[in-house]
Amino acid sequence: MILLTRKAEFSSAHFYWNDSWSKEENERVFGKCANRNGHGHNYTLEVTVAGEVDPVSGFVVDLKQLKDILEREVVSVYDHRHLNLEVPEFATRVPTTENIAIAIWERLDGKIPNAKLHRVRVYEMPDLFADYYGER
Amino acid sequence: MATAYLSRRYHLSASHRLHSDAYTAEQNRATYGKCNNPHGHGHNYIVEVTFGGPVDEATGMVCDLGELDAFARTNLLERFDAMNLNTLDAFRDVVSTTENFTMEVHRIFAAFPSARLARVKIEETSNNSFEYADRMQSQKG
């Protein structure tokens, strides 16, 4: 089995807020990330898939096809958007780096032909990132 | 509840000298080469710590980043940044290789109370990096 990783980038706005808490509680837990006007990041997404090498093409997956899937399922939905206000999964979930990795896994799982999703890694910035392997 | 891994990278600069009291001067030079220079040398280390655990449904987090950064400031940066590693208690009995530094950092962050440490990686230079995980049980994280 071979692991193959493709990167993509998106730039998005977000803020951290839990509707079931008071304003004070949100500000205590989330600090400046609770500013309702939002702030933003240049996110880097790394998607790793696992599969067998096709004996004819020599590919695990066609990289162009994988790039198109990432563009359709993730980048076109997240890039230059406000995650809380414009991306449906974050209407009820806080758009932390962990939850973004989980949401991207859910968007991609089962959609990559001939390969299994192995890991979704999301960098919020170069010194902070989250990994999700589909563990529940 | 979904289990995810959160990784944070901290930057610190420190000097060290690789030298073992168990070796003769000649053996030290043969083993450690230019790293045995008596005056020491230094690196910009990058310490990457990975914590695994259930993502809290209320906060969306494996652990609170502010709490982790505060722990790292007190227990990592204030102890090791801009220091000579060989002068510190942690390297009194062991050589200040990055292997030993990685295990020491693992001991430190294993005591972080709010999440389970999955792995520590230290980049000594952009060409050399070292990783340590308990029992190396998981390649994840």
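Computed from a predicted model, the values in this text were never measured in an experiment.

K.L.:
Got a sec to walk through the overall build of chain B? Specific residues and values, please.
P.N.:
A tally of regular secondary structure across chain B gives three helices and five strands. Going residue by residue from the N terminus, the α and β elements of chain B occur as β-α-β-α-β-α-β-β. For the C-alpha atoms alone, the extent of chain B along its principal axes is close to 60 × 30 × 25 Å. For chain B, contacts bridging at least 24 residues in sequence account for 68% of all contacts bridging at least 6.

K.L.:
Tell me about the overall build of chain A, and please be specific about residues and values.
P.N.:
For chain A, the helix and strand inventory stands at four helices and five strands. Projected onto its principal axes, the C-alpha coordinates of chain A cover approximately 60 × 30 × 25 Å. Sorting the 136 residues of chain A into buried and exposed places 31% on the buried side. Considering only intrachain contacts with a sequence separation of at least 6, the fraction spanning at least 24 residues in chain A is 70%.

K.L.:
Before we move on, can you summarise the interface of chain A and chain B with the specific residues and values?
P.N.:
Contact residues are listed per partner, giving 19 residues for chain A and 17 residues for chain B. Elements with a minimum of two residues in the side of chain A that touches chain B: α4 (97–108) and β5 (128–132) of chain A. In terms of residues, the side of chain A that touches chain B owes the most to one element, β5 of chain A, which gives five residues. Strand direction decides the pairing type here: β5 of chain A and strand β1 (residues 3–16) of chain B, joined by five bridges, are antiparallel. Bridging from a neighbouring strand, Asp-131 of chain A pairs with Tyr-5 of chain B of β1 of chain B.

K.L.:
Tell me about the pairing of strand β1 (residues 2–14) of chain A, and name the residues and values.
P.N.:
Residue and element names in this part refer to chain A. Across 13 bridges, β1 lies against strand β2 (residues 39–51) in antiparallel orientation. The residue bridging Ala-13 from the neighbouring strand is Gly-40, located in β2. Strand direction decides the pairing type here: β1 and strand β3 (residues 81–82), joined by two bridges, are parallel. Counterpart to Ala-13 in the pairing with β3 is His-82.

K.L.:
Would you mind going over helix α2 (residues 63–78) of chain A in detail, with residue names and values included?
P.N.:
Residues and elements named next belong to chain A. End to end, α2 covers 21 Å across 16 residues, agreeing with the expected 22 Å (1.5 Å per residue, within 8%). In the structure, α2 departs most strongly from a straight axis at Glu-71, where the bend amounts to approximately 45°. If you check which residues of α2 are buried, you get Leu-66, Leu-70, Val-74 and Tyr-78. Those residues of α2 hidden inside the fold are in contact with β1, β2, β3, α3 (83–86) and α4.

K.L.:
I'd like to hear about unusual backbone geometry, residue by residue, with values.
P.N.:
The phi torsion of most residues other than glycine is negative, and most of the peptide bonds are trans. The backbone of Asn-114 of chain A sits at a positive phi, close to 70°, despite the residue not being glycine. Turning to its location among the elements, Asn-114 of chain A is positioned in the loop between α4 and β4 (116–125). At Ala-82 of chain B, a position not held by glycine, the phi torsion is positive, near 60°. When you line up the elements, Ala-82 of chain B lands in the loop between α2 (65–80) and β3 (83–84).

K.L.:
Describe the environment of His-43 of chain B, naming the residues involved and giving the relevant values.
P.N.:
Residues and elements named next belong to chain B. Considering the arrangement of structural elements, one finds His-43 in strand β2 (residues 41–54). Given 18 C-beta atoms within a 10 Å radius, His-43 is considered partly exposed. Between the C-alpha atom of His-43 and that of Arg-107, which follows or precedes it by 64 residues, the distance is 21 Å. Residues within four places of His-43 in sequence aside, it is in contact with Ala-14, Glu-124 and Thr-125.

K.L.:
So what's going on with the nonpolar core? Which residues, and what values?
P.N.:
Judged by nonpolar contacts, the single largest core of 52 residues is most densely connected at Ala-101, Ile-104 and Val-122 of chain A together with Ala-4 and Phe-51 of chain B. No other element matches the six residues that α4 of chain A contributes to this core. The residues contacting Ile-104 of chain A, other than those within four sequence positions of it, are Leu-45, Val-74, Val-120 and Val-122 of chain A.

K.L.:
I'd like to hear about the environment of Leu-66 of chain A, residue by residue, with values.
P.N.:
All names here are of chain A. Tracing the chain through its elements places Leu-66 in helix α2. The buried category is assigned to Leu-66, around which 22 C-beta atoms lie within 10 Å. C-alpha of Leu-66 to C-alpha of Ala-8: the two residues are 58 residues apart in sequence and 11 Å apart in space. Once you skip the residues sitting within four places of it in the chain, Leu-66 turns out to touch Arg-6, Val-61 and Ile-112.

K.L.:
Explain the packing of α2 of chain A against α4 of chain A to me, and be specific about the residues and the numbers.
P.N.:
Between two packed helices, the angle of one axis relative to the other and the distance separating the axes together describe the packing. Residues and elements named next belong to chain A. Between α2 and α4, the least distance of the axes is 10 Å, while the angle of their chain directions is 120°. Here α2 lies oblique to α4, going by the angle between them. The handedness of the crossing between α2 and α4 comes out as right-handed. Within the contact between the two elements, α2 uses Ile-69, Glu-73 and Val-74 and α4 uses Ile-104, Arg-107 and Leu-108. Classifying every residue of the contact of α2 with α4 gives four nonpolar, no polar and two charged.

Analysis parameters
Residues numbered from 1 in each chain as written. Chains lettered and ligands numbered in written order. Predicted model: local features only at pLDDT ≥ 70, side-chain atom pairs only at ≥ 80, totals over all residues. Helix = DSSP H or I, 4+ residues; strand = E, 2+ residues; numbered from the N terminus. Contact = placed C-beta atoms within 7 Å. Buried ≥ 20, exposed ≤ 12 C-beta atoms within 10 Å, placed from the backbone. Pairing = 2+ DSSP bridges. Expected span 1.5 Å × (residues − 1). Bend = angle between axes of the 7 residues up to and from the residue. Core = buried A, V, L, I, M, F, W, Y, C linked by C-beta atoms within 7 Å. Axes fitted to C-alpha atoms, helices over the stretch in contact; angles between N-to-C directions. Parallel < 35°, antiparallel > 145°, perpendicular 65-115°, else oblique. Left-handed = near helix turned anticlockwise from the far one by under 90°. Nonpolar A, V, L, I, M, F, W, Y, C, P; charged D, E, K, R; others polar.

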